[in-house]
Amino acid sequence: MISLDQVLLLEQKVESAVEKIKQLEGENAALRNKCSELTNALSAKTEQLTAFESEQKTIESGIIKAIDRLNSIEHSVLKKAGSIAEAQPEPIEEPVEEEAPVPVTEMSFEQMMPVAEPEEPPFEEVPIEEPVEESEEVVEDDAESDPESKDQLGFDIF
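Draft legend 1. Broad picture of the overall build of the chain. The helix and strand tally for the chain stands at 2 helices and 0 strands. Out of the 158 residues belonging to the chain, those deemed buried represent 2%. Of the roughly 16,000 Å² that the chain leaves accessible, carbon and sulfur atoms contribute 58%.

Written out as C-alpha coordinates, the structure is:
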(Lines give C-alpha, C1' and ligand atoms only; values in the text may rest on other atoms or scores of the structure.)
Protein backbone atom coordinates (compact mmCIF):
# COMPACT_ATOMS: atom_id res chain seq x y z
CA MET A 1 0.00 0.00 0.00
CA ILE A 2 0.81 3.62 -0.35
CA SER A 3 1.91 5.35 2.78
CA LEU A 4 1.00 8.83 3.92
CA ASP A 5 4.62 9.98 3.49
CA GLN A 6 4.56 8.96 -0.17
CA VAL A 7 1.32 10.90 -0.75
CA LEU A 8 2.77 14.01 0.91
CA LEU A 9 5.95 13.74 -1.13
CA LEU A 10 3.88 13.38 -4.31
CA GLU A 11 1.80 16.41 -3.32
CA GLN A 12 4.99 18.47 -2.81
CA LYS A 13 6.32 17.45 -6.21
CA VAL A 14 3.03 18.34 -7.90
CA GLU A 15 2.97 21.76 -6.22
CA SER A 16 6.59 22.49 -7.25
CA ALA A 17 5.76 21.41 -10.81
CA VAL A 18 2.72 23.74 -10.85
CA GLU A 19 4.90 26.62 -9.59
CA LYS A 20 7.54 25.90 -12.21
CA ILE A 21 4.86 25.82 -14.95
CA LYS A 22 3.50 29.22 -13.79
CA GLN A 23 7.03 30.67 -13.78
CA LEU A 24 7.73 29.35 -17.29
CA GLU A 25 4.37 30.68 -18.56
CA GLY A 26 5.33 34.14 -17.21
CA GLU A 27 8.74 33.99 -18.91
CA ASN A 28 7.08 32.80 -22.12
CA ALA A 29 4.65 35.77 -22.08
CA ALA A 30 7.53 38.21 -21.44
CA LEU A 31 9.54 36.70 -24.31
CA ARG A 32 6.53 36.88 -26.64
CA ASN A 33 6.07 40.59 -25.74
CA LYS A 34 9.76 41.26 -26.34
CA CYS A 35 9.58 39.42 -29.67
CA SER A 36 6.60 41.49 -30.82
CA GLU A 37 8.35 44.73 -29.73
CA LEU A 38 11.47 43.77 -31.69
CA THR A 39 9.36 42.82 -34.72
CA ASN A 40 7.62 46.22 -34.61
CA ALA A 41 10.98 48.01 -34.22
CA LEU A 42 12.38 46.04 -37.17
CA SER A 43 9.46 46.99 -39.40
CA ALA A 44 9.81 50.68 -38.37
CA LYS A 45 13.54 50.63 -39.12
CA THR A 46 12.89 48.94 -42.46
CA GLU A 47 10.43 51.70 -43.37
CA GLN A 48 12.99 54.34 -42.34
CA LEU A 49 15.66 52.65 -44.46
CA THR A 50 13.35 52.59 -47.47
CA ALA A 51 12.56 56.29 -46.98
CA PHE A 52 16.27 57.16 -46.65
CA GLU A 53 17.13 55.20 -49.79
CA SER A 54 14.46 57.02 -51.82
CA GLU A 55 15.60 60.38 -50.40
CA GLN A 56 19.19 59.52 -51.26
CA LYS A 57 18.22 58.74 -54.85
CA THR A 58 16.36 62.06 -55.05
CA ILE A 59 19.36 63.93 -53.65
CA GLU A 60 21.76 62.16 -56.02
CA SER A 61 19.61 63.00 -59.04
CA GLY A 62 19.41 66.65 -57.89
CA ILE A 63 23.19 66.81 -57.53
CA ILE A 64 23.68 65.26 -60.97
CA LYS A 65 21.27 67.79 -62.50
CA ALA A 66 23.09 70.66 -60.77
CA ILE A 67 26.47 69.38 -62.03
CA ASP A 68 25.08 69.07 -65.55
CA ARG A 69 23.76 72.65 -65.38
CA LEU A 70 27.12 73.91 -64.10
CA ASN A 71 28.90 72.04 -66.88
CA SER A 72 26.62 73.56 -69.51
CA ILE A 73 27.09 77.05 -68.04
CA GLU A 74 30.86 76.53 -67.95
CA HIS A 75 30.80 75.33 -71.54
CA SER A 76 28.79 78.34 -72.70
CA VAL A 77 31.01 80.77 -70.76
CA LEU A 78 34.17 79.21 -72.19
CA LYS A 79 32.65 79.24 -75.66
CA LYS A 80 31.69 82.91 -75.27
CA ALA A 81 35.14 83.76 -73.87
CA GLY A 82 36.72 82.01 -76.85
CA SER A 83 34.61 83.99 -79.30
CA ILE A 84 35.48 87.24 -77.50
CA ALA A 85 39.18 86.32 -77.58
CA GLU A 86 38.95 85.65 -81.33
CA ALA A 87 37.19 88.98 -81.91
CA GLN A 88 39.91 90.91 -80.08
CA PRO A 89 43.37 90.28 -81.54
CA GLU A 90 45.25 91.74 -78.57
CA PRO A 91 44.27 90.82 -75.03
CA ILE A 92 44.13 93.67 -72.57
CA GLU A 93 47.04 93.29 -70.20
CA GLU A 94 46.41 96.21 -67.89
CA PRO A 95 43.01 97.77 -67.15
CA VAL A 96 42.53 101.39 -68.12
CA GLU A 97 42.20 103.43 -64.95
CA GLU A 98 40.24 106.28 -66.57
CA GLU A 99 37.10 104.22 -67.10
CA ALA A 100 34.83 103.65 -64.12
CA PRO A 101 34.34 99.97 -63.43
CA VAL A 102 30.90 98.63 -64.17
CA PRO A 103 29.22 97.12 -61.09
CA VAL A 104 29.02 93.36 -61.22
CA THR A 105 25.25 93.37 -60.92
CA GLU A 106 24.88 95.34 -64.17
CA MET A 107 27.44 93.33 -66.18
CA SER A 108 26.35 90.50 -68.48
CA PHE A 109 28.36 87.62 -69.86
CA GLU A 110 28.63 89.35 -73.21
CA GLN A 111 30.35 92.36 -71.57
CA MET A 112 32.93 90.30 -69.72
CA MET A 113 36.44 90.28 -71.09
CA PRO A 114 39.28 87.93 -70.21
CA VAL A 115 41.77 89.39 -67.78
CA ALA A 116 45.46 88.68 -68.16
CA GLU A 117 47.08 86.78 -65.32
CA PRO A 118 49.29 89.03 -63.17
CA GLU A 119 52.96 88.32 -63.61
CA GLU A 120 54.73 86.99 -60.58
CA PRO A 121 57.96 88.70 -59.60
CA PRO A 122 61.01 86.72 -60.70
CA PHE A 123 62.35 84.29 -58.19
CA GLU A 124 65.39 85.72 -56.49
CA GLU A 125 67.97 83.13 -55.57
CA VAL A 126 69.73 83.63 -52.30
CA PRO A 127 73.15 82.00 -52.11
CA ILE A 128 73.41 79.36 -49.45
CA GLU A 129 76.57 79.51 -47.43
CA GLU A 130 78.33 76.22 -47.21
CA PRO A 131 79.39 75.22 -43.69
CA VAL A 132 83.06 75.69 -43.05
CA GLU A 133 84.70 72.34 -42.61
CA GLU A 134 87.24 72.09 -39.86
CA SER A 135 90.62 70.76 -40.76
CA GLU A 136 91.33 67.25 -39.77
CA GLU A 137 94.70 68.07 -38.25
CA VAL A 138 94.80 67.40 -34.55
CA VAL A 139 96.63 70.02 -32.60
CA GLU A 140 97.36 68.91 -29.08
CA ASP A 141 97.12 71.69 -26.58
CA ASP A 142 98.46 71.85 -23.08
CA ALA A 143 95.01 72.89 -21.88
CA GLU A 144 93.57 69.52 -22.78
CA SER A 145 96.11 67.64 -20.75
CA ASP A 146 96.08 70.10 -17.81
CA PRO A 147 93.20 69.27 -15.44
CA GLU A 148 93.39 72.72 -13.75
CA SER A 149 92.52 74.53 -16.98
CA LYS A 150 88.74 74.91 -16.92
CA ASP A 151 88.17 76.81 -20.17
CA GLN A 152 90.15 74.45 -22.44
CA LEU A 153 91.75 77.43 -24.17
CA GLY A 154 95.18 76.98 -22.78
CA PHE A 155 94.90 79.79 -20.27
CA ASP A 156 95.14 79.21 -16.59
CA ILE A 157 92.42 80.90 -14.59
CA PHE A 158 94.57 81.27 -11.49
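The structure having been displayed, the exposition proceeds.
Draft legend 2. Layout of a nonpolar patch on the surface. Together, Ile2, Leu4, Val7 and Leu8 give the surface a local cluster of nonpolar side chains, amounting to about 410 Å² of exposed area. Tracing the chain through its elements places leucine 8 in helix α1 (residues 4–87). Taking the relative accessible area as the measure of exposure, leucine 8 reaches 44% and is therefore partly exposed.

Draft legend 3. Highlighting the environment of serine 72. Inspection of the secondary structure puts serine 72 in helix α1. Reaching out from serine 72, the side chain makes a polar contact with the backbone oxygen of arginine 69 at a distance of 2.7 Å.

So, how was this worked out
Residues numbered from 1 in each chain as written. Predicted model: local features only at pLDDT ≥ 70, side-chain atom pairs only at ≥ 80, totals over all residues. Heavy atoms only, no water. Helix = DSSP H or I, 4+ residues; strand = E, 2+ residues; numbered from the N terminus. Buried < 20%, exposed > 50% of the residue type's maximum accessible area, 1.4 Å probe, protein only. Areas by Shrake-Rupley, 256 points an atom, 1.4 Å probe, with all protein chains shown as cover. Patch = residues over 30% accessible without salt bridge, like charges linked within 9 Å, V, L, I, M, F, W, Y side chains within 5 Å. Salt bridge = Lys/Arg side-chain N within 4 Å of Asp/Glu carboxyl O. Polar contact = N/O pair within 3.5 Å; in protein donor to acceptor, adjacent residues only side chain to side chain.

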